[in-house]
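# Architecture and fold: a report
These are the residues of each chain, in order.
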Amino acid sequence: RDTPSIPVVSATADGTAITVSWNPVTTAVNGGFIDPEAVTYRVVRMPDNKVLANGIAETAYVDNAPEPESFATYSSIVEAMHAGMTSQPGRSQKLFIGEAALPYMDDFNKIETFDYYTVINANNDEYTWGPYIGNLHVIFNEHLEMDDWLITPPVKLEAGKAYRFSMDVATGNGSSQEMFEVRFGTGNTVADMRESVIPRTVAAHTDFVNYSGFILP
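First, a word on what this report is: a plain description of the structure on this page. (Residues numbered from 1 in each chain as written. Predicted model: local features only at pLDDT ≥ 70, side-chain atom pairs only at ≥ 80, totals over all residues. Heavy atoms only, no water.)

Among the nonpolar cores identified, the biggest contains 21 residues, and Ile18, Trp22, Tyr41, Val43 and Val78 are the most heavily contacted of them. Mapped by element, the contributors of at least two residues to this core are strand S1 (9-14), strand S2 (17-22), strand S3 (40-46), strand S4 (50-56), strand S6 (71-82) and strand S9 (95-98). Examining the composition of this core, we find that 4 residues originate from one element, S6, more than from any other. Once residues within four sequence positions are removed from consideration, isoleucine 18 is found in contact with Ala11, Thr12, Ala13, Tyr61, Val62, Asp63, Ala65, Tyr74, Leu95 and Ile97. Listed in part, the 10 residues of the second largest apolar core include Phe180, Val197, Ile198 and Ala203. (Core = buried A, V, L, I, M, F, W, Y, C linked by side-chain atoms within 4.5 Å. Buried < 20%, exposed > 50% of the residue type's maximum accessible area, 1.4 Å probe, protein only. Helix = DSSP H or I, 4+ residues; strand = E, 2+ residues; numbered from the N terminus. Contact = heavy atoms within 4.5 Å.)

Structure follows, in structure tokens:
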């Protein structure tokens, strides 16, 4: 017997109906034998850790998630099971359901709100955005150009209106210059971030300084 390989999982949302799908698991982690026809799956919704299905043979499941008061983030875990052995969990991307109400503000004092954000480590190094003593920070990489994105949850905006955006920024020391910019778009990928809010700005100050700009949808 051998442990099944980790399922490759994806998810899409239509309102609160989340369709979770994954590739059939046909291999084992150590190259041992498994019978693909005998592999079953467990599906779990996160972050509430709710088991949605257990022991199913299908490779897709529709989760009718709870309607959030404003917005929520969900992801799905799938485990493959075979002959008493269970794979490591495969996890889907994070999906946002609903929209944040305006005005939207986050002081990052509650670590659980970090789950509302999409973090993209576009330069694929060991440093990226994460919680740090009531703030969010990313460690500077001295050997590789920085390319790390922190994307907010979705917020409903109206065309023809101007929305002020501001944030407080501090750097690790006052002598090494660092650069940031703020962009907005209609999705949570780097490619979606098409419009400028705050242009590329150089900063070098250990005290927090407020920077602002306008979102013009």
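The subject of this paragraph is the packing of aromatic side chains. All told, the structure shown has 5 aromatic pairs when counted by the stated rule. When the ring of phenylalanine 180 is compared with that of tyrosine 211, the centres are 5.0 Å apart and the planes differ by 75 degrees; the resulting orientation is edge-to-face. Here phenylalanine 180, found in strand S15 (residues 178-185), pairs with tyrosine 211, found in strand S17 (residues 209-215); they are 31 residues apart in sequence, far enough to count as distant. Look at phenylalanine 180 and you get buried, because its relative accessible area is 16%. Residue class for tyrosine 211 comes out buried when judged on its relative accessible area of 17%. Grouped by ring-pair contacts, the aromatic residues Phe71, Tyr104 and Tyr116 constitute a single cluster. Above the ring of tyrosine 74, the side-chain terminus of arginine 45 is found at 5.7 Å from the ring centroid. (Phe/Tyr/Trp six-rings, centres within 6.5 Å; stacked < 30°, edge-to-face > 60°. Lys NZ or Arg CZ within 6 Å of the ring centre and 35° of its normal.)

In this structure, the second largest pocket spans a volume of roughly 200 Å³. Around the second largest pocket, the lining residues are Ser70, Phe71, Ala100, Ala101, Tyr104, Asp106, Asp107, Lys110, Glu112, Thr113 and Tyr116. Class assignment of the residues belonging to the lining of the second largest pocket gives a composition of 5 nonpolar, 2 polar and 4 charged. (1 Å grid on protein atoms, 1.4 Å probe; cavity = no way out; pocket = protein on both sides within 12 Å on 5 of 7 lines; lining within 4 Å. Points joined across faces, edges and corners; volume = space filled by probe spheres on them. Nonpolar A, V, L, I, M, F, W, Y, C, P; charged D, E, K, R; others polar.)

A few words now on the environment of isoleucine 34. Residue placement: isoleucine 34 occurs in the loop between S2 and S3. Under the relative-accessibility criterion, isoleucine 34 is labelled buried at 5%. Once the C-alpha coordinates of isoleucine 34 and methionine 85 are considered, the two residues, 51 residues apart in sequence, prove to be 10 Å apart. Look past the residues within four positions of isoleucine 34 in its chain and what remains in contact with it is Asp2, Val25, Thr26, Thr27, Ala28, Val39 and His82.

Structurally, the position occupied by aspartate 148 is in strand S13 (residues 148-151). One buried charged residue, aspartate 148, forms no salt bridge at all, with the nearest opposite charge on arginine 200 at 12 Å. Of note is the side chain of aspartate 148, whose polar atom sits 3.3 Å from the side chain of threonine 128. With residues near it in sequence (within four places) discarded, aspartate 148 still touches Ile120, Asn121, Asn123, Asp125, Tyr127, Thr128, Trp129 and Val138. (Lys, Arg positive; Asp, Glu negative; His and termini not counted. Salt bridge = Lys/Arg side-chain N within 4 Å of Asp/Glu carboxyl O. Polar contact = N/O pair within 3.5 Å; in protein donor to acceptor, adjacent residues only side chain to side chain.)

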